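Chain by chain, the residues run as shown.
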Amino acid sequence: MTEADAPLRPPLLTLAGVARTYGNGTVALAGVDATIRQGDFVSLVGPSGCGKSTLLRIVAGLIGPSAGDVHWHTTDGSRPADIGFVFQDATLMPWASVLDNVFLPLKLRGIARDKARPQLMEALERVGLADFANAYPRELSGGMKMRVSLARALVTQPPVLLMDEPFAALDEFTREKLDDDLLALWRSQRWTVIFVTHSIYESVYLSERVLVMGARPGRILGEVAIGAPHPRGPAFRRSHDYVDHCAAVSAALREGVAP
Amino acid sequence: MNGEDKGLPRAMRVVVPVLVGIVFLGMWEAFVRLGNVPPFVLPAPSLIWTSLVLNFDSLMGSLWVTLRVTLAAFLLAIVGGIGLAILFSQSRRIEMALFPYAVVLQVTPVVAIAPLVLIWVGYDRVELAVLILAWMVAFFPILSNTTLGLRSADHNLRDLFRLYGASRWQVLAELQLPSAMPYILAGMKISGGLALIGAVVAEFVAGSGTGTGLAWRIVEAGYRLDIPRMFAALFLLSGLGIAIFFSLSWVEHLLLRRWHESAVRREF
Ligand SMILES: Nc1ncnc2c1ncn2[C@@H]1O[C@H](COP(=O)(O)OP(=O)(O)OP(=O)(O)O)[C@@H](O)[C@H]1O
Ligand SMILES: [Mg+2]
């Protein structure tokens, strides 16, 4: 799967003039237009408070836009039922073990725990927490909690994955490993991923397209296409291509800050 | 870290209060004996013990009556309080309509409505009247704590449940009730004690010779100036209150120790 075939993919989601004003008068988003195609890996990069989380919540249908249109190109025009969401905080149930936390999406679908067990263990293995299945969230480090939350989002194998700075709290080493794991999954499962991050480097390394956002009011400043082919590895991180793309995203971000 | 460091303070938690109790009773005994205090003013602990043994059957019977009423009122308060709180959590409108009346129940002193309830229920069914009054006192803390607890579920988790298409019932059972658990247990600890107080107060008000609980034993001993027996009943009552409190603390510990900040033991 490469950038070359991207324009051929059918559209999945179209945002047209999506705006959001919160009850206290904060204009979090003013007129966002974007198209996400099936199988895309798109990153949203922008300074804190520019409305990245807000946009992701609107896409997930957790809050509505105050203006504009969120259109899914599904048969009935509504959001696909099977969608994975990783919150900015781990958002685990403190009263449930790691295993039960990961089990939640399946439990809510009425699947029995015993039947789900292999699937649960596989999800935990993927994030390197198989040994902690019976631990409780408070017994885990911040990064481990975040990985549990990731395992929970992946356990249903959702075709659409929305991630809000999932690795921001992790150390560089773990983060790069999970970045690679995520990319491998995306390539093999042909998921659509919308990935929010603070990190220019991470966005360039992961995505096919980076949507650069600016604040006050939140809007999309521009788009940087990352043409490098997948799979990407350590070699890509050292390539001129990579550095150039990072410079391009960085320049787009600065545009939003300049008066 | 060696084992003694951890073990010692735990044993001390039992030993120290017991020692304090023994010293206190010893001083009391000495004070009464050396000061020649008459038993109808302040009986010595040994005399209270003797009275307890002598009146063992009647006191135990009364203890059982009080315990029975208290527990029944407490259980009904739990069922009613949690049930109504769940109803409130499902419909803001019902909560708006009914909550003020739940408050009325709470702010009206038991002593003030006890006579009324007794008349309605009938003096031939004092135990039922006492039960109703004790329930009224015990009910509100559970209702208000559960209501607060059901509302306090993490909003991101709520969103997650919505995202996965959870039903109302699933949100209640899997998210709201577990989130509310610490609040419910805190409410139960308050209500357990209140149920006992309610039962005793109600019986005092009813106390016209038909009551058979510990409160009535105290009234009766007072009429007869049998102060050692009065103290014996009083001790049983305190013991019952302490037992209720510690059983509930224990239940709370069992249910919360793995996850809630209030119950987990911190390591330094
Ligand atoms: N529930 C809310 N009520 C009022 N204002 C809000 C609410 N949530 C977010 N905002 C405001 O909307 C703006 C965008 O917030 P959002 O959380 O989307 O930013 P973000 O880009 O995700 O920031 P960060 O990178 O720090 O997570 C901010 O100015 C914030 O103050
Ligand atoms: Mg955010």
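In the block above lies the structure referred to throughout.
First, a word on what this report is: a plain description of the structure on this page. (Residues numbered from 1 in each chain as written. Chains lettered and ligands numbered in written order. Predicted model: local features only at pLDDT ≥ 70, side-chain atom pairs only at ≥ 80, totals over all residues. Heavy atoms only, no water.)

Residues and elements named next belong to chain A. In the region of ligand 1, 14 residues are neighbours, and Ser48, Gly49, Lys52, Ser53 and Thr54 sit closest. Between ligand 1 and Glu165, the relevant distance is 3.1 Å, taken from an oxygen atom to a side-chain nitrogen or oxygen of the residue. Between an oxygen atom of ligand 1 and a side-chain N or O atom of His198, the distance comes to 3.0 Å. Summarising the interface, the protein chains cover 66% of the accessible area of ligand 1, which totals 640 Å² for the free molecule. (Near = heavy atom within 4 Å. Polar contact = N/O pair within 3.5 Å; in protein donor to acceptor, adjacent residues only side chain to side chain. Areas by Shrake-Rupley, 256 points an atom, 1.4 Å probe, with all protein chains shown as cover.)

Before going further, it helps to spend a moment on the sheet that holds strand β1 (residues 11–21) of chain A. All names here are of chain A. Taken in spatial order, the three strands make up an open sheet running β2-β1-β4, and their pairing is antiparallel. Edge positions in the sheet fall to β2 (27–37) and β4 (67–72), since each of these pairs with one other strand and no more. Sheet twist, expressed as the mean angle between neighbouring strand axes with direction ignored, is 10°. Bridge count for β1 against β2 is seven bridges, and the pairing is antiparallel. Pairing of Leu13 across the sheet is with Ile36, part of β2. (Pairing = 2+ DSSP bridges. Helix = DSSP H or I, 4+ residues; strand = E, 2+ residues; numbered from the N terminus. Axes fitted to C-alpha atoms, helices over the stretch in contact; angles between N-to-C directions.)

What follows covers the packing of aromatic side chains. Applying the stated criterion across every chain, the model contains 15 aromatic pairs over all chains. An angle of 85° between the planes, with centres 5.5 Å apart, marks the rings of A:Phe41 and A:Trp186 as edge-to-face. In this pair, A:Phe41 is assigned in strand β3 (residues 41–45) and A:Trp186 in helix α5 (residues 172–189), connecting sequence segments 145 residues apart. No difference in accessibility class separates A:Phe41 from A:Trp186, as the two residues are buried. Judged by centre distance (6.0 Å) and plane angle (65°), the rings of B:Phe88 and B:Phe99 are edge-to-face. In this pair, B:Phe88 is assigned in helix α3 (residues 56–90) and B:Phe99 in helix α4 (residues 92–107), connecting sequence segments eleven residues apart. A relative accessible area of 2% places B:Phe88 in the buried class. Among the aromatic side chains, those forming a connected cluster through ring pairs are A:Phe41, A:Phe167, A:Trp186 and A:Phe195. Taking the ring centre of A:Tyr205 as reference, the NZ or CZ of A:Arg237 above it sits at 3.6 Å. (Phe/Tyr/Trp six-rings, centres within 6.5 Å; stacked < 30°, edge-to-face > 60°. Buried < 20%, exposed > 50% of the residue type's maximum accessible area, 1.4 Å probe, protein only. Lys NZ or Arg CZ within 6 Å of the ring centre and 35° of its normal.)

The subject of this paragraph is the coordination of the magnesium ion (ligand 2). Residues and elements named next belong to chain A. Around the magnesium ion (ligand 2), the donor atoms from the protein are Ser53 (OG) and Gln88 (OE1), and they sit 1.9 to 2.3 Å away. Within this pair, whereas Ser53 is found in helix α1 (residues 52–60), its partner Gln88 is found in the loop between β5 (83–86) and α2 (98–107), the two being separated by 35 residues in sequence. A residue is classified by how much of its surface remains accessible, and Ser53, at 23% relative accessible area, is partly exposed. (Donors = N, O, S within 2.8 Å, 3.2 Å for Na, K, Ca; no water.)

Residue and element names in this part refer to chain B. Mapped onto the secondary structure, Phe245 falls in helix α10 (residues 227–256). Taking relative accessible area as the criterion, Phe245 reaches 40% and is therefore assigned partly exposed. Through-space distance from the C-alpha of Phe245 to that of Lys189 is 6.3 Å; in sequence the pair is 56 residues apart.

This part takes up the interface of chain B and chain A. Of the residues lining the interface, 21 residues belong to chain B; the matching set on chain A comes to 25 residues. Contact between chain B and chain A buries roughly 2,200 Å² in total, counting both sides, with carbon and sulfur atoms accounting for 60%. Considering only the surface of chain B that becomes buried against chain A, B:Leu163, B:Tyr164 and B:Arg258 emerge as the three largest contributors, covering 35% of it. Here A:Lys107 and B:Glu174 are joined by a salt bridge, their closest N and O atoms 3.0 Å apart. (Contact = heavy atoms within 4.5 Å. Buried area = accessible area lost by both parts, 1.4 Å probe. Salt bridge = Lys/Arg side-chain N within 4 Å of Asp/Glu carboxyl O.)

Time to look at a nonpolar patch on the surface. A cluster of nonpolar side chains, contributed by B:Val14, B:Val15, B:Val18, B:Leu19 and B:Ile22, occupies part of the molecular surface with about 450 Å² of accessible area. Secondary-structure assignment places B:Leu19 in helix α1 (residues 3–34). (Patch = residues over 30% accessible without salt bridge, like charges linked within 9 Å, V, L, I, M, F, W, Y side chains within 5 Å.)

Okay, the pattern of salt bridges next. Inspection of the entire model under this criterion finds 21 salt bridges over all chains. One salt bridge in this structure joins B:Arg258 and A:Glu139, with 3.4 Å as the shortest N-O distance. Residue B:Arg258 is found in the segment after α10, and its partner A:Glu139 is found in the loop between α3 (113–126) and α4 (142–154); the two belong to separate chains. For B:Arg68, the salt bridge goes to B:Glu127, with nearest N and O atoms at 2.9 Å. Here B:Glu127 lies in helix α6 (residues 126–151) and B:Arg68 lies in helix α3, a separation of 59 residues in the sequence. Residue B:Arg68 is classed as partly exposed on the basis of its relative accessible area of 34%. Counted as one network, the salt bridges with shared partners bring together A:Arg9, A:Asp40, A:Glu208, A:Arg209 and A:Glu223.

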